[in-house]
Amino acid sequence: MSKSPFIEYVRTILRTKRYSIKTEKAYLHWIRRFIYFNGKRHPKDIGELEVEQFLSHLAIALKVSPTTQNQALCAIIFMYRHVLNMDLTNMSFKFAKTPVRVPEVLSHNDAIAVIDKLRGVHHTIGTLMYGAGFRISEVLKLRVKDFDFERNTIFIFHSKGQKDRVTMFPELTKTEITKQIQKVECIHQKDIDEEYGLSSLPPALIRKYGKAATNLSWQYIFPSTTRCVPLTMAMYAGITFTKLGFERP
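Calculation rules
Residues numbered from 1 in each chain as written. Predicted model: local features only at pLDDT ≥ 70, side-chain atom pairs only at ≥ 80, totals over all residues. Heavy atoms only, no water. 1 Å grid on protein atoms, 1.4 Å probe; cavity = no way out; pocket = protein on both sides within 12 Å on 5 of 7 lines; lining within 4 Å. Points joined across faces, edges and corners; volume = space filled by probe spheres on them. Helix = DSSP H or I, 4+ residues; strand = E, 2+ residues; numbered from the N terminus. Nonpolar A, V, L, I, M, F, W, Y, C, P; charged D, E, K, R; others polar. pLDDT = per-residue confidence, 0-100. Contact = heavy atoms within 4.5 Å. Phe/Tyr/Trp six-rings, centres within 6.5 Å; stacked < 30°, edge-to-face > 60°.

Caption draft 1: Structural view of the layout of surface pockets. Within this model, the largest pocket holds a volume of roughly 2200 Å³. Around the largest pocket, the lining is made up of 41 residues, and of these Tyr19, Ser20, Ile21, His158 and Gln162 lie nearest the centre. Listing elements by their share of the lining of the largest pocket, those giving two or more residues are helix H2 (21-37), helix H4 (66-83), helix H7 (136-140), strand E2 (153-156), helix H9 (203-209) and helix H10 (231-236). Looking at which element gives the most residues to the lining of the largest pocket, the answer is H2, with seven residues. The residue inventory of the lining of the largest pocket, partitioned by class, reads 18 nonpolar, ten polar and 13 charged. By volume, the second largest pocket is sized at about 780 Å³. Looking at the lining of the second largest pocket, the elements that each hand over two or more residues are helix H6 (121-132) and helix H8 (174-193). No other element matches H8, which puts seven residues into the lining of the second largest pocket. The residue inventory of the lining of the second largest pocket, partitioned by class, reads eleven nonpolar, ten polar and four charged.

Structure (structure tokens):
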């Protein structure tokens, strides 16, 4: 399927401004929906009226939640402001209704009961989330190097809002994390032996640190069950991957 030059340009602007991949996918989704809703007309040829109609359609016809409607609005405002250099003003549309709900928070005993039902790596992930206050996306992005056993800290890199932070390393998880690192080391060594083992790193870091992407410290603590081969990233960085390391062309 051919890619839209306009959508690809929006993607470029999003990445230039260092938006997260999750936000990028969401924004591109809503921009596509907005364009299709308006008969595939180019956004520069339509304006506030069409935006109002689209947002009202989401609230009235599709009955989306307020957060979903707000996300669509943010995506469209981004497109007009940063891509088309246009500002939307004086819009009037139907807001999605916010339901009134009583918040439900698990007690300590409830949380422990849920975690105790988990097994294996899922138990480790659940314990980290509860014990260190992680989001699920943060846990899955942790690498071996982020765990400091000496200082009892865990480093979170580029979390929500592109912010870094340091949090405590729960004592109860140290044994599980140690075993998990050993498993990662075995998986990584097998990948290296089969001429893989290249972790995902920004191209600039690959150019700067050379073989860093093959080091155990840069491997994800909770690796995927399927092998990832980031060849495009390595080619972009001007590096070719050979057995046991990099080699500059």
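Caption draft 2: Quick peek at the confidence of the model for the protein. Put simply, the protein has an average pLDDT of 84, and 88% of its residues get 70 or more. Per-residue pLDDT, averaged within each element of the protein, yields its smallest value for strand E5 (residues 245-247) (42) and its largest for H2 (95). In the model, residues 231-249 has pLDDT below 50 throughout and makes 42 contacts with residues more than four positions away in sequence or in other chains.

Caption draft 3: The packing of aromatic side chains, seen in detail. Applying the stated criterion across every chain yields a total of ten aromatic pairs. Relative to Phe54, the ring of Trp30 lies with its centre 6.4 Å away and its plane at 65°, an arrangement referred to as edge-to-face. Linking Trp30 in helix H2 with Phe54 in helix H3 (residues 48-60), this pair joins segments that are 24 residues apart in sequence. Here Phe34 and Tyr80 contribute two aromatic rings whose centre-to-centre distance is 6.4 Å and whose plane-to-plane angle is 75°, an arrangement assigned as edge-to-face. Here Phe34 is found in helix H2, whereas its partner Tyr80 is found in helix H4, with 46 residues between them in sequence. Site record: aromatic cluster; members linked through ring pairs are Trp30, Phe34, Phe37, Phe54 and Tyr80.

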